[in-house]
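This is what each chain is made of:
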Amino acid sequence: MATLLRTEPGLGTALRAKRRILASAFVGTTIEWYDFYLYGTASALVFNKQFFPDASPLVGVLASFATYAVGFIARPLGGVISGHLGDRIGRKALLVASLLTMGVASTLIGVLPNYASIGILAVVGLVGLRLIQGLSAGAEWGGSALLSVEHAPAGRKGLFGSFTQVGSAAGMLLATGAYALTQTFLTPEQFQSFGWRLPFLLSGVLVLVGLWIRLGVTDAEEFTAVKDSEGTVARPVARVLREHPRGILVTIGMRLVQPAIYTLMTVYILGYLKDRRHDTTSGLAAILIVSAIGLLSGPFWGWLSDRVGRRRIAVAAAAGVVVLIWPFFWFLDHGSLTFLPLVLLVGMNILHDAIYGPQAAWFAEQFPTELRYSGVSFGYQVGTVLSAAVTPLVAAALLQAGGGAPWLVCGWFAVLGVLTTVAALAAKDPVGQRAARVTTAAAGTGA
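Please read all numbers here as calculations on a predicted model, not as lab measurements.

Here we take up the overall build of the chain. Across its full length, the chain carries 23 helices and zero strands. Whereas a compact globule of 447 residues would reach a radius of gyration of roughly 22 Å, the chain reaches 21 Å, a difference of no more than 12%. C-alpha atoms of the chain, sized along the principal axes, occupy 70 × 50 × 40 Å. Of all 447 residues assigned to the chain, the portion counted as buried reaches 59%. Summarising the internal contacts of the chain: among those between residues at least 6 apart in sequence, 86% fall at separations of at least 24.

Given below as structure tokens:
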């Protein structure tokens, strides 16, 4: 990553001046996603037994993943609220509030009594806290993405925005690592009894670190100039929906296959491998490896998109997902799990990160400054609900409908990949257009 940041003279000076902004984007989103992904991992490993013990194995899994989906369903509401406030009062205030809210909700999940202790109230409490997590996550991404992109030097928006995106990989690395450690040092009985709670309780400590960093940042001049000139909009959400429907639709579309493949490869496969291969460790180990690599691959794809444009990278990656998904499920059923990290590297660090790494900058380029928080948050969160929110639930249902064969699941992912490709082709790509003009001019000069 450091090599990418030193590719041009003077860039190091610019980064030093903005280091707290980048640290805020990275550390804050890392903590937010650590909390959010903890829930996903717990849904795959323990929640069916802790909160739905009387259900059949299939119903227990479906119920566990349904509560997982609740958090995603709440995210658009969080995005709408934060977009309205963020476009009016600023990005920083919303980021501090989202981090604090997520930390409180996750810590409370860590002390929530299970079904055996308080019955249905445990399920109600779990769903309620997951809703709060979803509202917080809905507020987090848009503000963090815009704070980093709006502070970026010219020609480096993709790279700077990727620091927000890398927080997702780092959060997954921490969440998966926390569960891997508890499973390593505790017996299965101890893990099911109390060990699964420990990673949630750690959230309180991490939030204090994130708050210390975020309280020291300021909004970018690009936004403060709009605010100082009284250029803010009274109802930014309504206006962006009315005046920029194309931007909303393409951001929703570009969110379809990427979060779905992420959820499949980091949440769903844990339960799949446990049920089909009786393996509870290979998936976690592989996710740890690719999450660590994601700390580098995310910025790489953001940097490359600043050079060649966002569109061509996203289209190639979405097409790659459509092709990969078919042999991927064959591998899960029949392949040697020794090679699982390599398979996930292709799916996550190449295909997924190629779409996700440049996404913060690309989404920001679809909307004007005064409507940007509302636009990126709404499109991002609605797209996430239509993909990641239902991926474990739909995949489990399609697997059952296919008699245990995964081909219906593969077909569903192929449809998502095609829709994302269409959205990418329709999106604005200022960097790609500039790169094309430079190439055309160079070719003309050579002729």
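Here the focus is the layout of surface pockets. Its volume calculated, the second largest pocket comes out at about 200 Å³. Residue lining of the second largest pocket: Leu45, Lys49, Gln183, Leu186, Thr187, Pro188, Phe191, Gln192, Lys274 and Thr280, and that is the complete set. Counting residues per element, the lining of the second largest pocket draws most heavily on helix H10 (residues 188-193), at three residues.

A word on the pattern of salt bridges. Should the charged atoms of two oppositely charged side chains come close, the side chains can pair. As enumerated under the stated definition, the model contains seven salt bridges in all. Between Arg372 and Glu150 there is a salt bridge, with its nearest N and O atoms 3.3 Å apart. One end of the pair, Arg372, is in helix H20 (residues 372-386); the other, Glu150, is in helix H8 (residues 120-150), with 222 residues separating them in the sequence. By relative accessible area, which is 7% here, Glu150 ends up buried.

On the surface, Leu100, Val104, Leu108, Val111, Phe194, Leu198 and Leu201 cluster together into a nonpolar patch covering about 580 Å² of accessible area. Only helix H6 (91-111) and helix H11 (198-214) provide two or more residues apiece to the nonpolar patch.

This part covers the packing of aromatic side chains. Overall, the coordinates contain 13 aromatic pairs when judged by the stated rule. Measuring from ring centre to ring centre gives 5.8 Å for Phe328 and Phe329, while their planes differ by 80°; the resulting arrangement is edge-to-face. Neither residue differs from the other here; Phe328 and Phe329 are each classed as buried. A ring pair is formed by Phe363 and Tyr380, whose centres lie 6.3 Å apart and whose planes are at 75°; its orientation type is edge-to-face.

Bringing the nonpolar core into the picture now. With 110 residues, the main nonpolar core has Phe47, Trp196, Phe328, Phe329, Leu332 and Leu344 as its most contacted residues. Sorting elements by how many residues they give to this core places helix H15 (residues 257-276) first, with 12 residues. Once you skip the residues sitting within four places of it in the chain, Phe47 turns out to touch Tyr39, Ala42, Phe52, Ser64, Ile109, Leu126, Trp196 and Phe200. Within the second largest apolar cluster, five residues are counted, among which are Ile31, Val96, Val207 and Leu211.

With that out of the way, let us pick up the packing of H15 against helix H22 (residues 407-426). At their nearest, the axes of H15 and H22 sit 9 Å apart, and the two run at 145° to each other. Contacts from Val257, Ala260, Ile261 and Leu264 of H15 reach H22 at Phe413, Leu416, Gly417 and Thr420. Residues that form the contact of H15 with H22 fall into these classes: six nonpolar, two polar and no charged.

Our next topic: helix H13 (residues 236-243). Listed as buried for H13 are Pro236, Val237 and Val240. Each buried residue of H13 sits inside an arc of 100° when the element is viewed along its axis, so together they form one side.

Moving on to unusual backbone geometry. The backbone phi angle of His278 is positive, close to 55°, even though this residue is not glycine. With respect to the helices and strands, His278 occurs in the loop between H15 and helix H16 (282-308).

Before going further, it helps to examine helix H21 (residues 391-401). Those residues of H21 that sit buried are Thr391, Pro392, Ala395, Ala396 and Leu399. Relative to the axis of H21, the buried residues are bounded by an arc of 125° and lie together on one face. Opposite the buried face of H21, by more than 90 degrees, sit the exposed residues Gln400 and Ala401. A positive backbone phi angle near 70° is found at Gly403, which sits one or two residues after H21.

Scored by pLDDT, the chain has a mean of 84; 91% of the residues are at 70 or more. Mean pLDDT across the elements of the chain bottoms out in helix H1 (residues 2-5) (47) and peaks in helix H18 (residues 340-356) (96). Predicted confidence is poor over residues 1-11, with pLDDT under 50, and the contacts of this stretch with residues over four places away or in other chains come to 21 contacts.

Okay, the side chain of Thr384 next. Counting through the fold element by element, Thr384 comes out in helix H20. You can call Thr384 buried: its relative accessible area is 1%. Looking at Thr384, its side chain comes within polar contact range of the side chain of Arg255, at 2.8 Å. Sequence-distant contacts of Thr384, defined by excluding residues within four places in its chain, comprise Phe72, Arg75, Arg255 and Ala389.

Inspection of the secondary structure assignment puts Ala436 in helix H23 (residues 430-446). Along the sequence, Ala436 and Gly402 sit 34 residues apart, while their C-alpha atoms lie 46 Å from each other.

Each pair of packed helices can be described by the angle between their axes along with the distance between the axes. The N-to-C vectors of H21 and H22 enclose an angle of 140°; their axes lie 7 Å apart at closest approach. In terms of their interaxial angle, H21 and H22 are classed as oblique. Touching Thr391, Val394, Ala395, Leu398, Leu399 and Ala401 of H21 are Leu408, Val409, Trp412 and Phe413, all from H22. Along the lines of polarity and charge, the residues of the contact of H21 with H22 split into nine nonpolar, one polar and no charged.

Looking now at the environment of Thr30. As for its placement among the helices and strands, Thr30 is situated in helix H3 (residues 19-45). Considering only alpha carbons, one finds Thr30 and Val166, 136 residues apart in sequence, at a separation of 7.7 Å. Not counting residues within four places of it along the chain, the set of residues in contact with Thr30 comprises Gly167, Ala170, Gly171 and Leu174. Reaching out from Thr30, the side chain makes a polar contact with the backbone oxygen of Phe26 at a distance of 2.6 Å.

About the criteria used
- Residues numbered from 1 in each chain as written.
- Predicted model: local features only at pLDDT ≥ 70, side-chain atom pairs only at ≥ 80, totals over all residues.
- Heavy atoms only, no water.
- Helix = DSSP H or I, 4+ residues; strand = E, 2+ residues; numbered from the N terminus.
- Rg over C-alpha atoms; globule rule 2.2 N^0.38 Å.
- Buried < 20%, exposed > 50% of the residue type's maximum accessible area, 1.4 Å probe, protein only.
- Contact = heavy atoms within 4.5 Å.
- 1 Å grid on protein atoms, 1.4 Å probe; cavity = no way out; pocket = protein on both sides within 12 Å on 5 of 7 lines; lining within 4 Å.
- Points joined across faces, edges and corners; volume = space filled by probe spheres on them.
- Salt bridge = Lys/Arg side-chain N within 4 Å of Asp/Glu carboxyl O.
- Patch = residues over 30% accessible without salt bridge, like charges linked within 9 Å, V, L, I, M, F, W, Y side chains within 5 Å.
- Areas by Shrake-Rupley, 256 points an atom, 1.4 Å probe, with all protein chains shown as cover.
- Phe/Tyr/Trp six-rings, centres within 6.5 Å; stacked < 30°, edge-to-face > 60°.
- Core = buried A, V, L, I, M, F, W, Y, C linked by side-chain atoms within 4.5 Å.
- Axes fitted to C-alpha atoms, helices over the stretch in contact; angles between N-to-C directions.
- Nonpolar A, V, L, I, M, F, W, Y, C, P; charged D, E, K, R; others polar.
- Arc of directions from axis to C-beta.
- pLDDT = per-residue confidence, 0-100.
- Polar contact = N/O pair within 3.5 Å; in protein donor to acceptor, adjacent residues only side chain to side chain.
- Parallel < 35°, antiparallel > 145°, perpendicular 65-115°, else oblique.

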